[in-house]
Amino acid sequence: MTRPTTNEPETDVPVTEESVTHESATDQTVTRGQGVTGQGVTGRPTTDTATTKGAAPAETTTDRTATGNATTAEAATDEVATDKSTTDKATTGESAIDAAATDRRPTAGAALTDAASADEPALLEVRGLSVSYRTRGGTVRAVRSVDLDVWPGQVTAVVGESGSGKSTTAHAITRLLAANGGIDAGIVRFGRHDLTTLSERELRTVRGARIGLVPQDPTVSLNPVKRIGEQVAEVLRIHGLATRRSAPSAAVAILDQAGLPDAATRARQYPHELSGGMRQRALIAVAIAAKPQLIIADEPTSALDVTVQRVILDHLQHLTEESGTAVLLVTHDLGVAADRAQRIVVMSEGRVVEAGPTRDVLENPQHAYTRRLLASAPSLTTARPRATAAATAPAPDEVPLVEARNLVKEFRLPAAAGAARTLRAVDDVSLTLHRGRTLALVGESGSGKSTTARLVLRLVDPTSGSVLFDGADVTTARGAGARQLRRRAQLVYQNPYASLDPRFSIGEVITEPLRAFRVGDRASRLARARELLDRVALPGSVLDRRPAELSGGQRQRVAIARALALSPDLVVCDEPVSALDVSVQAQVLDLLAELQADTGVAYLFISHDLAVVRQIAHRVAVMRSGRVVETGTAEELFTRPRHDYTRELLAAIPGGRHASAGDRPHQPKEHL
Amino acid sequence: MSRTLADGATAGTAGTAGTAEAVGPVGAVEAAAGLARPVEPGIDPGPANAGRGVGPRRFLLFLLRRPGLLASVLVLVLVVLAAFWPGLFTSQDPLHGVPAENFRSPGGGHWFGTDELGRDVFSRVVHGAQLSLKATLIAVGFAFVVGGLIGLVAGFVGRWVEDVLMRFVDVLLSIPSLFLSLALVTALGYGTVKVAVAVGIASVAGFARVTRAEVLRVRQAVFVEASRSCGARWYSVLGRHVLPNAAGPVIVLATLEFGAAILAVSSLSFLGYGAPPPAPEWGTLISDGRNYLANAWWLTALPGLAIAATGLATNRIARALDGEWSRQR
Amino acid sequence: MRLYVVKRLAQALGVLWAAYTVSFLVLDYLPGDPVSAMAGAGADTGQVDPAQLAALRHEYGFDKPILAQYADYLGRAVRGDFGDSVSTGRPVTATLADALPQTLQLTGAALLLAVFLGGGLAVLATYTTRRWLRQLLLSLPPLGVSVPTFWVGLVLVELFSFRTRLFPAFGNDGLRGLVLPAVTLAVPTGALVAQVLAKSLFTALDQAYVETARAKGAGRLRIRLRHALRNASLPALTVVGLLAGQLIAGSVVVETVFSRDGLGRVTAAAVTVQDIPLVQGVVVFGALIFVAANLIVDLVYPLLDPRIVVAASRKVRPA
């Protein structure tokens, strides 16, 4: 594919600061904003650009002037932001649906005409973009002929599973690809320029200044040896927006705007002194510092806890709405996209399979892949319990399989000067789990849920409290007793990439517990492995393969097969699906439920994801800072949460907002 | 020689994966995989197949694509052949020369020229390979066994055993290895084997540190806990999981150390502590030639090339192994 | 912070003591009868009088039990007394002190060369976009660590002294005499610095924060110098700390090649005549240099990486 030669000569590209801030394809809108508010950048050209298709131009004048309300207390701001976004959607939803119906086909031609017909040109137009990576195994085509538009002031979400090329697409826009990646074809028109033809030097005047990036993982995306303030100020310094003198105070103001409490102090701190959420705010500050027209947010919150995730997304949305900045939001989470975006682009295997206004895509998906994605997205399927919920409740006198009484686990922190400090990871936790049932432990990172599970399995010794397994106290069991417990209780790990020895064949992995307990001979063990593989729906041919040759979902199936090898009474599942893509998640959850129905195994299911828990658990215990704050049946807990923290967690599930907004009589709801 | 220490150090701080060249492309590949993992599971030939048996054909192809590596392997093969069958390369007597033919410059009759006694330098270099290689193998073998055991026990047993062993290793590390070797030579006396043992003892620390680091890394791997939690006993965890997975970087270190030991042994023999005079040890050859530096450059330059080529070859092979190992994981 | 320094100092002293113990075990205990070893090497006549030997044994305290000997020696060593050289009869400490300045000059110059050339090579190799140049630069360090130091020295002498007469081949005279030995000694050290720094620079450039910097619009040089270099310098600094002792030891070979006076020559001579007290002094001195260099490196770490202070002293600032 040859590049169109209609682009301007490179010399025409803005290199000076003034042209960077002002010159753009959206001059039109900027001027309009200025006309109304006289403030230039803060002017909000179009509030909800779902209205681009034939909305009344008058609506553009309903500008809310950006005031300093970003500086008000975090919670208050977030409240406001939430309210705004929901009302915005409610008022404009209808017209958007009507108008955008044409914009459904992912073909270039259609999208192009569509964009041209709109009264406002797209801020970013990607056409026929193909990206490939050169690897030892040959060239991997990560992105194939992708078309994508982002309109000013709009949030466009790119949704897809890992390997779908969504992240690569986002990075290819400003050519922030890994060294072995390259754009093979396509144009990326941003303003008047095709970014694929700019020189590296010219591109640098676009990056940071006109297109900001909010990266994936806040914990590693800030330079660990530089102060937060310096890192924000650097953007201003690079683009000549501040002098050496004015940059520090400007950085503090921007951090403040990004919602970092006590910004002046934080600016002098180093990244490791800030929490993940605060670091992400600092990164948002970096992205908005030069007041760009477009922000590319690459999975901005997937490394954060759900409650933090919501606050951050609310704030990002609030900020961009205020300044009229467009957002390209890359996410694997359909729920997040549903909540935040006006338009959704669904990607799979490097191609765009479907694109259109959010509501259309969610309610009337055209492509089979989108439908599958919708069906498996846990946050959007409000209730599709897989657990055999109707199964008989345990008889009151039945001896519980696992009973944990007042478990406490303290970890000694490396001694500080003098005083030895301890961290109480698990604080007075009592649990009961009956045969054939699933108890879910839910909590955010650091809540002590994994430690609790390890205490139950006796992989860690409790500081105090006791563990009863099938009526017998195993708290201090050693030798034979402990081995008996190992035999009857198994563990499935979060990360299927790390929990299988890379040098073992799948057969060796599955038969390892059998060998450890000297069950059967070689042939019978192999037969058992075959049977187990069949159980977890893997072909017998994988027996001789190595873990590296299997996909994540397949590996997790192998891990489950290993856990079942000794026909245990209890399997502890530690975040068994959180490392997997949603469609694979759904399959694994189905498998777990099926196995429980067949074998009567009990699960202690650990997860941070309430949506997942809802599908599999009979009972749920919510943990926070080492304590269980609420226990109840799944039904009770999800419909009538008693504890504030539970309510907070429930509210933070992405996709909830869309579901409630979609509660309109005339809309079909099968997929919600 | 100094390489030993530094490798231990970097292993401690940054892990042993990939040397400079390897990190560039491999890191980029990983980054690419992170951004967009190639569509599952078919199109992922690189890492997937590396773990399985590498056929001789594949191995040959692998070598042919890397001329530097191929040359390195050839050099090492030649050195080994020279050590065991010097007659394959030269028929001239390394110890007795024709005095009339002394100080001939390199040419057809004498590839590397002749020395002050008219001995053929090429023949001396070829025969010298035996002594030098023997000393090097003893040194590396000693360090590998002793250091590896210390590191293995420290890493696997942990607690006070680890503390005691690693403090001891720290002390060994604190004495510059050449000084430690010299002290041992002073105590033990001269000779090829003694020099080799001295060099070996001085490189124990590096092996101990790398082995311990690897054992710790593997021991903390999730799959080891998984194995333990499904009932495997400690010896089976050690033998089936920890050792095979920890061996890679230690073998890489052994290869690197081989090159370092060649240098260390030849340094000591250059200083005059190796085999007694007529024996053609590589370092001794250079030390002898030093007296005729002004008029017979080949006496020092060419044996030095032999040492440099061997060292460079092992270094290159070590890096190839390193890349191999890190990609396998 | 002060507590941290005190702790590190105590550790350093501990290592030094242990190094002394090792040298004692190796040199005084291992040979079985060091006196006859000394006598055998010291007196070439071969004819040694048993009475004389006994007197020597008594003088050096070898007739006492080993632990008593050790305590005795350690007590004197703490006061800086390592005994007298067997071959010259001068105190070991004085011998070393006399030889030291020349060697420090040499190693100091070599260290500077190594850090600047090695570091520069690493930065240039990661900066250049020309593939051939990068490959060329990256192939130099392996070469540097593979060639024998003494050979490099001899080749340099051959080229720059005998052929072109630019620099003197031997001796200690002035700056010109320092050039060749310093370069020789710097080759393996610089190669290692370059290797480690290039590796950690490449690693650092793969980190997510570099992508953040690129997204800010930062240029290649800015990314390397302002972002990657400081993060990558820690492993290189560790190596420099470890190499300080190696440089001193390397002077044995280099000073022999260039016939320079200094600690290295003294050491080589001492080993040749099995001058045990002198060798022991050298070994302990080597450990002292190593320990001191690492102490300095440890104190520099927190300046380069703010996370390290927190990890070391556990004084978490209010976050």
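Worth saying up front: this structure is predicted, and the values here are computed from it rather than measured. (Residues numbered from 1 in each chain as written. Chains lettered and ligands numbered in written order. Predicted model: local features only at pLDDT ≥ 70, side-chain atom pairs only at ≥ 80, totals over all residues. Heavy atoms only, no water.)

Quick notes on the interface of chain C and chain A
Move 1: Contacts between the two partners involve 26 residues from chain C, matched on the other side by 34 residues from chain A.
Move 2: In this assembly, chain C and chain A are joined by two salt bridges.
Move 3: In this structure, Glu-234 of chain A and Arg-222 of chain C form a salt bridge, with 2.7 Å as the shortest nitrogen-oxygen distance.
Move 4: The tally of links from chain C across to chain A stands at 13 residue pairs in polar contact (both at pLDDT 80 or more).
Move 5: Broken down by secondary-structure element, the contributors of at least two residues to the side of chain C that touches chain A are helix H9 (208-216), helix H10 (220-257) and helix H13 (306-313) of chain C.
Move 6: Among the elements that take part in the side of chain C that touches chain A, H9 of chain C stands out by supplying seven residues, more than any other.
Move 7: Residues belonging to the side of chain C that touches chain A are distributed by class as follows: ten nonpolar, five polar and eleven charged. (Contact = heavy atoms within 4.5 Å. Salt bridge = Lys/Arg side-chain N within 4 Å of Asp/Glu carboxyl O. Polar contact = N/O pair within 3.5 Å; in protein donor to acceptor, adjacent residues only side chain to side chain. Helix = DSSP H or I, 4+ residues; strand = E, 2+ residues; numbered from the N terminus. Nonpolar A, V, L, I, M, F, W, Y, C, P; charged D, E, K, R; others polar.)

Remarks on helix H5 (residues 67-84) of chain B
Residues and elements named next belong to chain B.
Move 1: Taking 1.5 Å per residue as the helical rise, H5 with its 18 residues ought to reach 26 Å, and the 26 Å between its terminal C-alpha atoms agrees with that figure.
Move 2: For H5, the complete set of buried residues consists of Leu-69, Ser-72, Val-79, Ala-82 and Ala-83. Taken down its axis, H5 places every buried residue within 150° of arc, on the same side. Exposed side chains of H5 directed beyond 90 degrees from the buried face belong to Pro-67, Leu-74 and Phe-84. (Expected span 1.5 Å × (residues − 1). Buried < 20%, exposed > 50% of the residue type's maximum accessible area, 1.4 Å probe, protein only. Arc of directions from axis to C-beta.)

What to know about the interface of chain C and chain B
Accessible area lost upon the coming together of the parts serves often as the stated size of an interface.
Move 1: Taken together, the 58 residues of chain C in the interface contact 55 residues of chain B.
Move 2: For the chain C and chain B pair, buried surface summed over both sides reaches about 4900 Å², with 76% attributable to carbon and sulfur atoms.
Move 3: Sorting the residues of chain C by area buried against chain B places Phe-150, Trp-151 and Lys-199 of chain C first, and these three jointly supply 13% of that buried surface.
Move 4: For the pair chain C and chain B, the interface holds zero salt bridges.
Move 5: Among the elements of the structure, helix H1 (2-29), helix H6 (131-146), helix H7 (149-163), helix H8 (174-205), H10, helix H11 (263-272) and helix H12 (276-304) of chain C are those that each provide at least two residues to the side of chain C that touches chain B.
Move 6: Sort the elements by how many residues they give to the side of chain C that touches chain B and H10 of chain C lands first, with 13 residues.
Move 7: Looking at the side of chain C that touches chain B residue by residue, the class counts come to 41 nonpolar, 13 polar and four charged. (Buried area = accessible area lost by both parts, 1.4 Å probe.)

Regarding unusual backbone geometry
Move 1: In the Ramachandran plot, Arg-458 of chain A falls in the positive-phi region, its phi being about 60° despite a non-glycine side chain.
Move 2: Even without glycine at this site, Gln-274 of chain C takes up a positive phi of about 50°.
Move 3: Inspection of the secondary structure assignment puts Gln-274 of chain C in the loop between H11 and H12.

Observations regarding the domain arrangement of chain A
All names here are of chain A.
Move 1: Its domain assignment divides chain A into domain 1 (5-114), domain 2 (121-210 + 295-374), domain 3 (220-289) and domain 4 (402-412 + 420-651).
Move 2: Here the C-alpha centroids of domain 2 and domain 4 sit 36 Å apart.
Move 3: Contact residues are listed per partner, giving eight residues for domain 2 and nine residues for domain 4.
Move 4: In total, domain 2 and domain 4 occlude about 840 Å² of area from one another, counting both sides; carbon and sulfur atoms represent 45% of this.
Move 5: Of all residues in domain 2, Glu-161, Asp-305 and Thr-307 bury the most surface against domain 4, accounting for 52% of the area lost on that side.
Move 6: For the pair domain 2 and domain 4, the interface holds zero salt bridges.
Move 7: Where domain 2 meets domain 4, there are zero residue pairs in polar contact (both at pLDDT 80 or more).
Move 8: If you list the elements that add at least two residues to the side of domain 2 that touches domain 4, you get helix H11 (306-323) and helix H14 (368-376). (Domains from an automatic or database assignment.)

Considering the sheet that holds strand S15 (residues 472-473) of chain A
All names here are of chain A.
Move 1: The antiparallel open sheet is built from four strands, whose spatial order is S12-S11-S14-S15. A strand with exactly one partner marks an edge of an open sheet, and here the two such strands are strand S12 (422-433) and S15.
Move 2: Relative to strand S14 (residues 464-469), strand S11 (residues 402-412) runs antiparallel, the two sharing five bridges. When the bridges of S14 are listed, Val-402 appears paired with Phe-469. (Pairing = 2+ DSSP bridges.)

Here's the deal with the packing of H7 of chain C against H10 of chain C
Residues and elements named next belong to chain C.
Move 1: Interhelical geometry of H7 versus H10 gives an angle of 30° and a closest axis separation of 9 Å. If you check the angle between H7 and H10, you find them roughly parallel. Seen from above, H7 lies across H10 with right-handed handedness. On the side of H7, the interface is formed by Thr-149, Phe-150, Gly-153 and Leu-154, while H10 contributes Val-253, Val-254 and Val-257.
Move 2: Class assignment of the residues belonging to the contact of H7 with H10 gives a composition of five nonpolar, two polar and no charged. (Axes fitted to C-alpha atoms, helices over the stretch in contact; angles between N-to-C directions. Parallel < 35°, antiparallel > 145°, perpendicular 65-115°, else oblique. Left-handed = near helix turned anticlockwise from the far one by under 90°.)

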